[in-house]
Amino acid sequence: RYLLILSCLLIAGCGGSSDESEDPWQVIELGTDADFRDIHFISADNGWMVGAVGIRVPGGIVARTRDGGLTWEYQTGVIPKRSRTHTVDFNSVYFVDELRGVAGAGAGTIMRTEDGGATWKRVPPTGPVYAQNRDIDFVGLADGWMCGRQGVLKTEDAGVTWKRIDEENDAEAWALDMVDAQRGWMVGKFGLVMR
């Protein structure tokens, strides 16, 4: 009797399930070999991606979609080169609405747009050459944080001005997420987790 039960269980276990689902992620062919490093959508239709195109096209790449990612418009060479630096590329992007957005880049560079990404302007002051602005998060339309090799920067005016808020801390964070204006999390190299 046990052999019959075991045989039935094995047969049932080996049978293919009719509920097997396909991979929920769909590959979108863009026709570019750009190295996209961050993506941010403010609605189902409106989104931006940023990254690099390598040494052939210095100054980063920004891609914009208005149809949920079916088609993308590209800008390259957006970041002007700083003296004594190699090409500077984008690492992060965040938009607070359809017009106003901020992008973090290498060499301590922060770029800002007020026209949906059609034009970008450097936000002064620029950080040290070694700095890498890696991640951005906002709470509301004005309060934002950016982390990276230079520490944590904060804005209270939607990215127009930034100030370092962790002068005593030398942690190198890769990503952050703010719950509200007072509470948030950062993670980084070598098991770094901070709140």
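The model shown is predicted, which means the values in this text are computed figures rather than measured ones. (Residues numbered from 1 in each chain as written. Predicted model: local features only at pLDDT ≥ 70, side-chain atom pairs only at ≥ 80, totals over all residues. Heavy atoms only, no water.)

Draft legend 1. Summary view of the overall build of the chain. Each helix and strand in the chain was counted, giving 1 helix and 15 strands. When burial is assessed residue by residue, the chain has 41% of its 195 residues classed as buried. Put simply, of all contacts in the chain between residues at least 6 apart along the chain, 38% involve residues at least 24 apart. Only carbon and sulfur atoms are counted for the fraction: they give 55% of the accessible area of the chain, which is about 11,900 Å². (Helix = DSSP H or I, 4+ residues; strand = E, 2+ residues; numbered from the N terminus. Buried < 20%, exposed > 50% of the residue type's maximum accessible area, 1.4 Å probe, protein only. Contact = heavy atoms within 4.5 Å. Areas by Shrake-Rupley, 256 points an atom, 1.4 Å probe, with all protein chains shown as cover.)

Draft legend 2. Spotlight on the sheet that holds strand S14 (residues 184–188). Strand order in the open sheet made by the 3 strands is S13-S14-S15, with antiparallel pairing throughout. Two strands in the sheet have a free side with no partner beyond their single neighbour: strand S13 (173–178) and strand S15 (193–194). (Pairing = 2+ DSSP bridges.)

Draft legend 3. A look at the sheet that holds strand S2 (residues 47–52). Spatially, S1-S2-S3-S4 is the arrangement adopted by the 4 strands of the open sheet, whose pairing is antiparallel. Strands at the two margins of the open sheet, each flanked by one partner only, are strand S1 (35–41) and strand S4 (73–76). Within this sheet the neighbouring strands show an average axis-to-axis angle of 20°, counted without direction. One ladder, built from 4 bridges, connects strand S3 (residues 61–65) with S4; its direction is antiparallel. Bridging across to S4, isoleucine 61 finds its partner in threonine 76. (Axes fitted to C-alpha atoms, helices over the stretch in contact; angles between N-to-C directions.)

Draft legend 4. Representation of the pattern of salt bridges within the structure. Scanning the entire structure with this criterion turns up 10 salt bridges. With a closest N to O distance of 2.4 Å, glutamate 114 and arginine 112 form a salt bridge. A relative accessible area of 53% means that glutamate 114 is categorised as exposed. In this structure, the salt-bridge partner of glutamate 156 is lysine 154, at a minimum N-O distance of 3.2 Å. Taking the relative accessible area as the measure of exposure, glutamate 156 reaches 57% and is therefore exposed. Of the residues examined, lysine 154 reaches a relative accessible area of 17% and is grouped as buried. Several salt bridges share partner residues, and in doing so they unite Arg134, Arg149 and Glu172 into one network. (Salt bridge = Lys/Arg side-chain N within 4 Å of Asp/Glu carboxyl O.)

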